[in-house]
Structure formats: C-alpha cells, structure tokens
Amino acid sequence: MIRLSFKNIIRKRSRALLIFILSVISAFNIFTQIAQKNSVKNSLKKLITEAISGQYIIYDSEKNINVLESQFSDVTLFEWHSSDSTQLLEKNPNIKSIGRRLRFGGMLSYGEESIGIHLQALSQNHLQRISNILDYKEGSQPKKENQIMISETFADELEANVGDTLVVLANNRDGYLSDNLLQVSGVFRTIGPAQFLLPIGFIHYKKGMEILRLEDNEAMEVLVNYHTLQNTVSGAKTLKNQISGINPRLKIAVWEKTAPLLNSIVGVWVNAGHAIKTVFIVFSVLVLVNIIIMMTNNRKKEIGTLLAFGFRPYFIINTIALEYIVLISSGILLTGGLLKLIFDLFLQSGIPIPSEELQAAYLSTSISPELYWSDILWVMLLFGMACYLAVLVSLRKLFHSEITTLLRTTT
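Residues numbered from 1 in each chain as written. Predicted model: local features only at pLDDT ≥ 70, side-chain atom pairs only at ≥ 80, totals over all residues. Heavy atoms only, no water.

1. Quick word on the confidence of the model for the protein
Confidence in the prediction for the protein averages 84 pLDDT; 88% of positions are at 70 or higher. Confidence, expressed as mean pLDDT per element, reaches its minimum in the protein at helix H14 (residues 403-407) with 57 and its maximum at strand E6 (residues 147-151) with 95. (pLDDT = per-residue confidence, 0-100. Helix = DSSP H or I, 4+ residues; strand = E, 2+ residues; numbered from the N terminus.)

2. Concerning the packing of aromatic side chains
All chains considered together, the criterion is met by three aromatic pairs. Ring geometry for Tyr56 and Tyr226: centres 5.0 Å apart, planes at 50 degrees, overall tilted. Taken together, the residues Tyr56 in strand E1 (residues 56-59) and Tyr226 in strand E11 (residues 221-226) connect sequence positions 170 residues apart. Tyr226 sits in the buried class, given a relative accessible area of 9%. Taking 6.4 Å as the distance between ring centres and 55 degrees as the angle between the ring planes, the aromatic pair formed by Phe188 and Phe202 counts as tilted. Taken together, the positions of Phe188 in strand E8 (residues 177-188) and Phe202 in strand E9 (residues 200-204) put the pair 14 residues apart, joining distant regions of the chain. (Phe/Tyr/Trp six-rings, centres within 6.5 Å; stacked < 30°, edge-to-face > 60°. Buried < 20%, exposed > 50% of the residue type's maximum accessible area, 1.4 Å probe, protein only.)

3. Structural notes on the pairing of E6
With five of five residues buried, E6 is to be regarded as a mostly interior element. Burial of the side chains of E6 extends over both faces: Gln147, Met149 and Ser151 are buried on one face and Ile148 and Ile150 on the other. In terms of strand pairing, E6 meets E9 through two bridges, oriented antiparallel. By the bridge assignment, Ile148 is partnered in E9 with Ile203. (Pairing = 2+ DSSP bridges.)

4. Here's the deal with the pattern of salt bridges
Counted according to the given criterion, the structure contains 11 salt bridges. Ionic pairing is found between Arg103 and Glu221, a salt bridge with its closest N-O pair at 2.5 Å. With Arg103 in strand E3 (residues 95-110) and Glu221 in strand E11, the pair connects residues that are 118 residues apart, well separated along the chain. Note that Glu218 is salt-bridged to Arg173, the shortest N-O span being 2.5 Å. Highlighted residues: Glu218 in strand E10 (residues 218-219) and Arg173 in the loop between strand E7 (165-171) and E8, separated in sequence by 45 residues. (Salt bridge = Lys/Arg side-chain N within 4 Å of Asp/Glu carboxyl O.)

Written out as structure tokens, the structure reads:
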C-alpha cells in the first residue's frame with residue numbers, strides 16, 4: 001500500500017504538486033495566525049505575571065487577593081527569610097525566580113500637583129525583568145533605593161520628568177503617615193500591555209520597607225515564577241506542599257485568581273484567537289477536501305484497474321488517502337518547521353507595530369511570533385482526518401460499483 005501510494009505520487013507529479021502547494025499556502029496562513037495569537041497571549045501573561053500579579057503568590061490572609069484592588073492593610077505580614085527562598089529553589093527545579101513584594105497605596109506630589117498611586121516595591125532583579133517588558137519614553141528602572149519609575153500618563157499629570165524629586169505619602173504598618181522623597185528614574189510609555197500599568201509606580205524593595213516601617217524578614221507577599229507561564233493545578237499543589245514545611249499558615253494564589261479582570265481580557269483574546277484559527281482551518285480544509293474529491297472522482301479508471309487486479313475496496317481507499325495525506329502532511333510539516341525556525345532564530349526580539357491603533361488592538365508594541373510543535377502536529381492531524389474522510393466520501397459507492405463500469409469511463 002505504501003509503495004503504491006508513493007508510486008502514484010511520483011507518476012502523477014502535477015497532481016501531487018498541486019496538492020502540496022495548496023497545503024503549503026493553507027499551512028502558512030494558519031500558522032502565521034496561530035503565531036500572532038500565541039504572541040499576544042504570551043506577552044499579556046508575561047506582563048501580568050511579572051509586572052502586575054506574579055505567577056504564584058505566597059501570602060497569609062483569610063481574604064482572597066485582588067492585586068488591582070487589595071492593599072497593604074488587607075493582608076497579614078509573615079516571616080520569610082532568604083534561606084526559605086533557597087530551600088524552595090532546591091526542592092523545586094521548575095521555579096525560575098522567588099522574590100518578595102510590597103503593594104500599598106500612596107500619594108505622589110510634585111510642585112502644586114498631587115495624585116494617588118498604587119506602589120509596588122520589588123527587588124532589583126524583578127525591576128530589571130519588568131524593564132525588559134516596557135518601552136521607555138525616557139530613563140530606566142530604579143537602580144537606587146531612592147528612585148521611582150512611573151508611567152508617562154502619571155508624569156504628564158504631575159508635570160514631572162526624569163531626575164525630578166517627588167514627595168510620597170503612605171500609611172505605614174503602625175497606622176501613621178510616612179513621608180519620603182523619591183527621584184524619578186524612568187518614565188515608561190502606556191501603550192500596548194503597559195496601559196494596564198497606568199496607576200502603578202515601581203520602587204526598590206528596601207525603600208518600600210522604609211516607608212512601611214517593616215523589619216528585614218517581614219513579608220507581605222512572596223512571588224514565585226516558574227520557567228513556563230502555564231499554570232497547572234499540580235504546580236500550585238506541589239508549591240503548597242513545599243511551603244507548608246516552612247509555614248503551614250501560608251496560602252498559594254495563581255495569577256488568574258488575583259487578577260480576574262485581566263484574566264478575562266486574556267480569555268477574550270485567547271477565545272477570539274481560537275475562533276479565527278478555526279475559521280482559517282475550516283476554510284482551508286474545505287478547499288482541499290473539494291479538490292481531493294474532484295481528483296478522486298477523476299481516477300475511476302485507475303480504481304477499476306486496481307479492482308480488476310484483485311485489490312480490495314478498503315485497500316484502494318487507504319492507498320489513495322495515504323497518497324494525499326503524505327503530500328498534505330509534508331507541506332504542513334515543511335511550512336510549520338520553516339516558520340518555527342525563522343521565528344525562533346530571527347524574530348524573538350519582536351516585530352515592531354508602527355501604528356498606535358494596531359498596538360492597542362494587539363495589546364503590544366511588537367509581535368514576537370510563537371509557534372509550537374503541538375500546533376503543527378494538531379493541524380496535521382486535522383487535515384489528515386479531513387483528507388481521509390474526503391476520499392471515503394468520494395469512494396463510498398466503490399463497494400457496489402461494477403468493474404466494467406469503472407473501466408469504461410473516459411478519465
């Protein structure tokens with residue numbers, strides 16, 4: 001059967017080439033759309049897990065955390081030592097980073113202007129990771145303890161620039177008002193995903209401890225990010241079991257639960273991407289199925305000859321279907337493999353989006369196309385099934401056909 005299928009491919013090169021080219025064109029359209037969807041989904045997840053929420057949050061509170069609404073007064077402080085982070089890293093090789101975070105509300109003032117702001121105090125390493133996501137109007141992330149990074153919108157409201165000194169007011173752990181001076185180290189643009197960071201200012205962790213009057217080993221939240229952005233039930237359960245030995249009171253929250261609004265936005269994008277992908281696949285499958293049915297119907301004399309030589313109907317159906325499946329799968333695999341190679345080697349830095357309207361639509365200033373082998377294999381499987389069904393439908397009367405009738409056809 002396999003030998004006969006390959007002989008047919010070689011013998012009818014024009015027919016094989018047409019099927020192959022159509023599969024390449026279909027695969028190219030489908031995979032580029034999938035790569036765009038994956039890029040937007042990953043950029044949103046990276047923004048949320050790095051700059052807003054954290055992939056997993058370790059905390060001590062009876063209340064559920066909402067990182068866009070809950071404040072310092074809503075959670076319970078707990079002890080967390082550097083040795084606890086080391087212990088967790090040794091137990092769980094899937095963990096990429098562990099860092100403490102402080103979130104609290106405050107008031108920023110510059111000159112005669114004042115504005116409320118949500119402050120996040122983070123480690124230097126975490127600030128650098130956030131900086132890699134952002135597009136700066138000027139300056140950079142806070143590199144000194146007395147610096148702050150704010151959005152372009154906040155800077156315009158305060159009429160402040162990089163290098164200006166702001167006054168920050170916030171309630172500390174004792175319920176008193178703390179005041180401090182912070183110098184603007186950077187102003188980031190609020191386009192693309194950064195529009196969700198509009199009300200957030202980023203400062204150094206030690207400065208946050210000073211403002212809130214915390215001790216060295218006190219923590220409000222500990223953020224844990226894995227090497228992959230995909231949250232799993234087993235990942236959260238494993239992490240919960242591992243921290244129970246450190247402090248059984250501590251709880252685990254995943255970013256989907258801590259940022260429900262943003263999770264809904266990600267869900268809309270993912271579902272819309274799936275819908276568009278489905279449309280592309282259905283349209284491409286219908287085109288190929290119709291061409292396969294037409295070609296198969298024009299091979300009646302060939303089929304009649306095979307029946308005359310004693311081949312069974314199912315053998316003939318499987319042989320013809322295998323011929324088309326090999327051609328289509330080769331086209332999909334070649335196109336998907338080349339696109340994945342190009343994306344991985346040359347486009348990881350991203351393709352800039354020039355239009356602000358498109359940036360708002362894609363929730364990003366650039367697209368870093370991502371294509372996975374699972375996407376390629378899934379499309380191959382769908383096309384292979386559709387191909388086999390097309391041949392089966394086309395030859396459904398083969399079992400009851402007279403050989404002489406098939407041999408008398410002019411095709």
